Amino acid sequence: QLQACGGGSVQPGGSLRLSCASSGTVFSYNVMGWYRQAAGKQRELVASITSSGTTNYADSVKGRFTISRDNAKNTVYLQMTSLKPEDTAVYYCKIEEIRIQAPQTYWGKGTLVTVSS
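Residues numbered from 1 in each chain as written. Predicted model: local features only at pLDDT ≥ 70, side-chain atom pairs only at ≥ 80, totals over all residues. Heavy atoms only, no water.

Engineer: Which parts of the structure should I look at to understand the packing of aromatic side chains?
Structural biologist: Aromatic rings in a pair are described by how distant their centres are and how their planes are angled relative to each other. Taken as a whole, this structure holds two aromatic pairs when the rule is applied. Residues F27 and Y29 carry aromatic rings whose centres are separated by 5.9 Å and whose planes lie at 50 degrees to one another, so their mutual orientation is tilted. Note on Y29: relative accessible area 55%, which makes it exposed. The side chain of R17 reaches across the aromatic face of Y77, ending 4.1 Å from its centre. Its guanidinium or amino end placed over the ring of Y92, R43 lies 3.7 Å from that ring's centre, counting from NZ or CZ. (Phe/Tyr/Trp six-rings, centres within 6.5 Å; stacked < 30°, edge-to-face > 60°. Buried < 20%, exposed > 50% of the residue type's maximum accessible area, 1.4 Å probe, protein only. Lys NZ or Arg CZ within 6 Å of the ring centre and 35° of its normal.)

Quick look at the structure:
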């Protein structure tokens, strides 16, 4: 249901923009987020944004990454700047519905970001 795109290879200091769109219906109250998993490491939260626009960032990306969303398109974006080699990972998007009855969580398949000179 979620399709992430925008990954690729970039040199240190470069920028990339990830996007993730839902092809299905998502409950309007939700949290959209980006996670990443580097080789040999656990998946970690990169950034999240609520339906009302409240954002949260991992300390490692604060000031460099910006998460945004388009509610009409059920799409979440991650603008990444000043990329570092340690940002290399597979990036996953997630949408978590916030409701009492049968909340759903959707994960995208992941897109690879490689930062290397």
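Back to the text.
Engineer: Would you mind going over the pattern of salt bridges with me for this structure?
Structural biologist: Oppositely charged side chains can form a pair if their charged atoms are brought close together. Taken as a whole and assessed by the stated rule, the structure comprises six salt bridges. Residues R36 and D87 are paired through a salt bridge, measuring 2.9 Å at the closest nitrogen-oxygen approach. Here R36, found in strand β4 (residues 30–37), pairs with D87, found in the loop between β8 (75–80) and β9 (89–97); they are 51 residues apart in sequence, far enough to count as distant. Both residues of the pair, R36 and D87, count as buried. Residues D87 and R64 are paired through a salt bridge, measuring 2.7 Å at the closest nitrogen-oxygen approach. Of the two residues, D87 is situated in the loop between β8 and β9 and R64 in the loop between β6 (55–57) and β7 (65–70); the sequence distance between them amounts to 23 residues. (Salt bridge = Lys/Arg side-chain N within 4 Å of Asp/Glu carboxyl O. Helix = DSSP H or I, 4+ residues; strand = E, 2+ residues; numbered from the N terminus.)

Engineer: Would you take a moment to explain the side chain of E97 for this structure?
Structural biologist: Residue placement: E97 occurs in strand β9. Since its relative accessible area comes to 4%, E97 is described here as buried. Every residue in contact with E97, bar those within four places of it in the chain, is listed here: T25, V26, F27, Y29, N30, A102, P103, Q104 and Y106. (Contact = heavy atoms within 4.5 Å.)

Engineer: Please clarify how the pairing of β9 should be interpreted in this entry.
Structural biologist: If a strand is regular, its side chains alternate between the two faces of the sheet. Extensive coverage of β9 is indicated by the burial of seven of its nine residues. Where β4 lies against β9, eight bridges are found, and the strand directions are antiparallel. The residue of β9 that forms the bridge with R36 is Y91. Taken together, the three bridges between β9 and strand β11 (residues 111–115) define a ladder with antiparallel strand orientation. (Pairing = 2+ DSSP bridges.)

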